[in-house]
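A structural walkthrough
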Amino acid sequence: MAELADPSVLVDPANWTCPAPLRDQPIVVMGHGGGGTLSAELVEQVFTPAYGNATLAALGDSAVLDLGGARLAFSTDSYVVRPLFFPGGSLGDLAVNGTVNDLAMSGARPAHLSAAFVLEEGVEVAVVERIARALGQAAEAAGVTVVTGDTKVVEAGHGDGVYVTTAGIGLVPDGVDIRPQRARPGDAVIVSGPIGLHGVAIMSVREGLDFGVEVASDTAPLADLVAAVLAATADVHVLRDPTRGGLAASLNEIARASGTGVRLRERDVPVPEAVANACGFLGLDPLYVANEGRLVAFVPRPAADEVLAAMRAHPRGAGAVIVGECVAEHPGMVVVSTGLGGTRVVDMPLGEQLPRIC
Amino acid sequence: MKYIDEFNDPDLARRLLDEIRATVTRPWALMEVCGGQTHSIIRHGIDQLLPDEVELIHGPGCPVCVTPLEMIDKALEIASRPEVVFCSFGDMLRVPGTGRDLFRVKGEGGDVRVVYSPLDALRLARRHPDREVVFFAIGFETTAPANAMAVHQARRLGVGNFSLLVSHVRVPPAVEAVMTAPACRVQGFLAAGHVCSVMGTAEYPDLAERHRVPIVVTGFEPLDILEGIRLAVHQLERGEHRVENAYARAVRPEGNPAALRMIEEVFEVTDRSWRGIGRIPASGWRLTDAYRAFDAEHRFDVTGIRTEEPAVCRSGEVLQGLIKPTECPAFGTDCTPRTPLGATMVSSEGACAAYYLYRRMDGPAPRGSRAPQEEMNPVG
């Protein structure tokens, strides 16, 4: 038994203190890519000062440009997923669906993509071929063509196998004005289906993590679903695909951009049992887990039932539900009513969600 | 999920709340010891549903929050070494040491990995015999058996490149420290179910008797917590101070004998500093002499690192229940999860972070932050 201190020495609460920690990270940390506050700060403090403009400042999923009389949506995204192949999809699927969905969230009909590959020396050509084939098939399924591309190779150890960057363009139909700033108190908040599947699928196959249940990513193109929604009503205020940072990050972005509050009903948020179990096991909140084939829509309440019916009639929106509403109270904040009748704030995530110890 | 959903039932919760309301006749202050319970209370809004007479004080039971600065500094030093693979539970990575955190060390090229079990770290050591694999063994009695098992297996299998950086803490001495503090307001305790599922309840009757406080062992789901509160209030109203077990589906009085044997073989009781609180006698565990070779503090010679904790935040008062997080002037302004002034703001189990995440409407408004454009998706 070790020597112990004199138990009569009292712990003096007057001296209970805590240290002052870090304020800013002078180097890039993983959280800068997490889609939360750290990512936002990088955009605000580094990118916007360097090349900001009015279009960029709108910070939508895609930029909407007036070009030669047409309204063009334009977006780009880099894909660095590990592993390259996972239940429900692959890097190739994400590279198409992610960019196509960013275009669709401004109401655009996606038309063409670029695809740039960064390959690490030593990667098997067969792997690149599988990804390229998946990308081609996903493009066909999404109704877009890959019309330009690029290939670069970095030395072994300077990359993580394969990175893909895609950019896409599409046309925004006349009379459609969909952006986060347009959320209004009274809007119904609709989610197109069960949440958290992509994030849990990825976590389940990463090294050392196996929940014993196979969960497939929800990666899917959403432009057809958006077209179905717009056929029901052109007056859609906001669309967003809740990718990294999950539903929580998307709703916080919308609340802040529009200066409104968002109120969710926890019981109505569709969380599949496997996602709930995995999140319970890891100490994660499903609201913060990534999706790749879901959208959240803000529509005026009178049109909500029609939009809901249109979504449910489409295979990608069969599980659509109204999960809450946009309110005038607590502007910039997302609040959830818990199953027991209490409330809590759903904050913008800082960086990546960290699994809790217990 | 079976055995989870049943303990979330709103109708049963309302019934328990009605019973608590019917029982209570005057103000009572209860402390939930465990950070997991604090998280659950705030996440489900349980404190908002209780009658005004019942106040919940959030105790020092977040292992991430109470790990001392000095130990974080040792972790940072070890994790920075080129031969080391440093393995940790996820939420330790953001806890600030002096000048940096483990995320920063990772960004600077250190091999820092999140694992979900110490046995994963041991597997890593066996797969990479050329590397030194260190596991950051923090936590209360709950995580001790698995950590003990990992080092026990390492010794049995002769895995020489595996070691533990141990900062284990024990609940009963913390309860003792809370009760003997001069400004103590706590009149009853909710004891942490997972700790008791390992240790049993034998350590608590003496505490209940000497300090004349009811101690109710309970779990983490809303109904568990409400039932624990109901039993504690019931005892207080009748002037009783017993140990009761409201978590019988997980806790036996004798605990888990196999886990206890493993702890006893590998660890011995030692004094420990608690971040924001100070040194509490006999409040921790360290490796016994037989396992000293697996002690990362000795293997990497960091025993000399000494860090004083500067006084800048009031988390000590929060941990002791003297103030609510929202009563701290820095809460939500200078002190946020992004820029924590104290460790209670770091882990989501910390009282300040739980209030910030879930209860900010009651306090100062947050600083606005604009939305990011989607790019560089780590999972997509």
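Residues numbered from 1 in each chain as written. Chains lettered and ligands numbered in written order. Predicted model: local features only at pLDDT ≥ 70, side-chain atom pairs only at ≥ 80, totals over all residues.

Chain B goes by Hydrogenase formation protein HypD in an unreviewed UniProt entry, where it is assigned to Streptomyces aurantiogriseus. Word for word, the UniProt comment on chain B under Sequence similarities (unreviewed entry) is "Belongs to the HypD family." (UniProt positions renumbered as here; feature names shortened; annotations may be inferred.)

Chain A has the name Hydrogenase expression/formation protein HypE in an unreviewed UniProt entry, where Streptomyces aurantiogriseus is given as its organism. Quoted straight from UniProt, the Sequence similarities (unreviewed entry) entry for chain A says "Belongs to the HypE family."

So, on to the overall build of chain A. The number of helices and strands found in chain A is 9 helices and 14 strands. In chain A, which comprises 358 residues, the share counted as buried stands at 51%. The long-range fraction of contacts in chain A, counting pairs at least 24 apart against all pairs at least 6 apart in sequence, stands at 84%. (Helix = DSSP H or I, 4+ residues; strand = E, 2+ residues; numbered from the N terminus. Buried ≥ 20, exposed ≤ 12 C-beta atoms within 10 Å, placed from the backbone. Contact = placed C-beta atoms within 7 Å.)

Turning our attention to the overall build of chain B. A tally of helices and strands in chain B yields 16 helices and 11 strands. Each of the 380 residues in chain B was classed as buried or not, and the buried ones make up 63%. A separation threshold of at least 6 residues defines the contact pool for chain B, and within that pool the share at least 24 residues apart is 77%.

Here we take up the nonpolar core. Membership of the largest hydrophobic core comes to 217 residues, with the highest contact counts inside it found for Ile190(A), Ala297(A), Val334(A), Leu30(B), Cys87(B), Phe189(B) and Ala191(B). For this core, the element with the highest residue contribution is helix H12 (residues 222-237) of chain B, accounting for 8 residues. Each residue touching Leu30(B), except ones within four places of it in the same chain, is listed here: Val54(B), Leu56(B), Ile57(B), Gln187(B), Gly188(B), Phe189(B), Leu190(B), Ile229(B) and Ala232(B). (Core = buried A, V, L, I, M, F, W, Y, C linked by C-beta atoms within 7 Å.)

Residues and elements named next belong to chain B. In terms of burial, strand S7 (residues 188-192) is a largely internal element, 5 of the 5 residues being buried. Note: strand S1 (residues 28-34) against S7, 3 bridges, orientation parallel. Each residue of the ladder has a partner; that of methionine 31, found in S7, is phenylalanine 189. (Pairing = 2+ DSSP bridges.)

With that settled, the discussion passes to the sheet that holds strand S11 (residues 278-287) of chain B. Adjacent strands of a sheet pair through backbone hydrogen bonds, lying either parallel or antiparallel. All names here are of chain B. If you walk across this open sheet you meet the 6 strands as S4-S3-S5-S6-S11-S10, and the pairing is mixed. Pairing within the sheet leaves two strands with one partner each, and these edge strands are strand S4 (111-114) and strand S10 (267-274). Ignoring which end each strand starts from, the neighbouring axes of this sheet average 25° apart. Where strand S5 (residues 132-139) meets strand S6 (residues 162-169), 7 bridges bridge the pair, whose relative direction is parallel. (Axes fitted to C-alpha atoms, helices over the stretch in contact; angles between N-to-C directions.)

Here the UniProt feature "domain: PurM-like N-terminal" (unreviewed entry) sits at residues 61-172 of chain A. Secondary structure content for residues 61-172 of chain A is 29% helix and 46% strand, while the C-alpha to C-alpha distance between its ends is 14 Å.

It is worth spelling out the sheet that holds strand S6 (residues 145-154) of chain A at this point. Residue and element names in this part refer to chain A. Strands sit in the order S1-S2-S7-S5-S6 across an open sheet of 5 strands; the sheet is mixed. The sheet is open, and its two edges are formed by strand S1 (63-67) and S6, each paired on a single side. The average angle at which neighbouring strand axes cross in this sheet is 20°, direction not considered. Along the sheet, helix H4 (residues 125-142) makes contact with strand S5 (109-120), S6 and strand S7 (162-171), crossing S5 at roughly 175°.

Turning our attention to the confidence of the model for chain B. All names here are of chain B. Scored by pLDDT, chain B has a mean of 86; 88% of the residues are at 70 or more. The low-confidence segment residues 363-380, where pLDDT is below 50, has 65 contacts with residues more than four positions distant or belonging to other chains. Complex prediction metrics read pTM 0.80 and ipTM 0.71. (pLDDT = per-residue confidence, 0-100.)

What follows deals with unusual backbone geometry. Looking along the chain, the bond that leaves Arg82(A) and enters Pro83(A) is cis, with omega of 0°. Inspection of the secondary structure assignment puts Pro83(A) in the loop between strand S2 (70-79) and strand S3 (85-86). Phi at His330(A) is positive, roughly 30°, even though this residue is not glycine. Along the chain, His330(A) falls in the loop between strand S12 (321-327) and strand S13 (334-337). Its identity as a non-glycine residue notwithstanding, Arg212(B) has a phi of 55°, on the positive side.

Quick look at the pairing of strand S11 (residues 296-300) of chain A now. Residue and element names in this part refer to chain A. Among the 5 residues that make up S11, 4 are buried, leaving the element largely enclosed by the rest of the structure. As defined by bridge partners, strand S9 (residues 238-240) adjoins S11 across 3 bridges and the pair is classed as antiparallel. The residue of S11 that forms the bridge with leucine 239 is alanine 297.

All names here are of chain A. Tracing the backbone through its elements, the reader meets phenylalanine 74 in strand S2. Since 18 C-beta atoms lie within 10 Å of it, phenylalanine 74 is described here as partly exposed. For the pair phenylalanine 74 and glycine 36, spaced 38 residues apart in sequence, the C-alpha to C-alpha distance is 22 Å. Not counting the four nearest positions on each side in its chain, phenylalanine 74 is found in contact with Ser62, Ala63, Leu65 and Ile169.

Further remarks concern the domain arrangement of chain B. All names here are of chain B. One can read the domain layout of chain B as domain 1 (5-64 + 171-245) and domain 2 (66-170 + 255-299). With centres defined by C-alpha atoms, the gap from domain 1 to domain 2 works out at 30 Å. Between domain 1 and domain 2, the contact holds 17 residues from the first and 22 residues from the second. If you list the elements that add at least two residues to the side of domain 1 that touches domain 2, you get strand S2 (54-61), helix H4 (63-66), helix H9 (171-180) and helix H10 (193-199). With 6 residues, the single largest contributor to the side of domain 1 that touches domain 2 is H10. Of the residues in the side of domain 1 that touches domain 2, the class split is 13 nonpolar, 4 polar and no charged. (Domains from an automatic or database assignment. Nonpolar A, V, L, I, M, F, W, Y, C, P; charged D, E, K, R; others polar.)

Once that is clear, we can look at the confidence of the model for chain A. Detailed reading of the predicted coordinates is not advisable wherever pLDDT is low. Mean pLDDT over chain A works out to 87, with 89% of the residues at or above the 70 mark. Scored below 50 in pLDDT, residues 1-23 of chain A shows 59 contacts in the model against residues more than four places distant or in partner chains.

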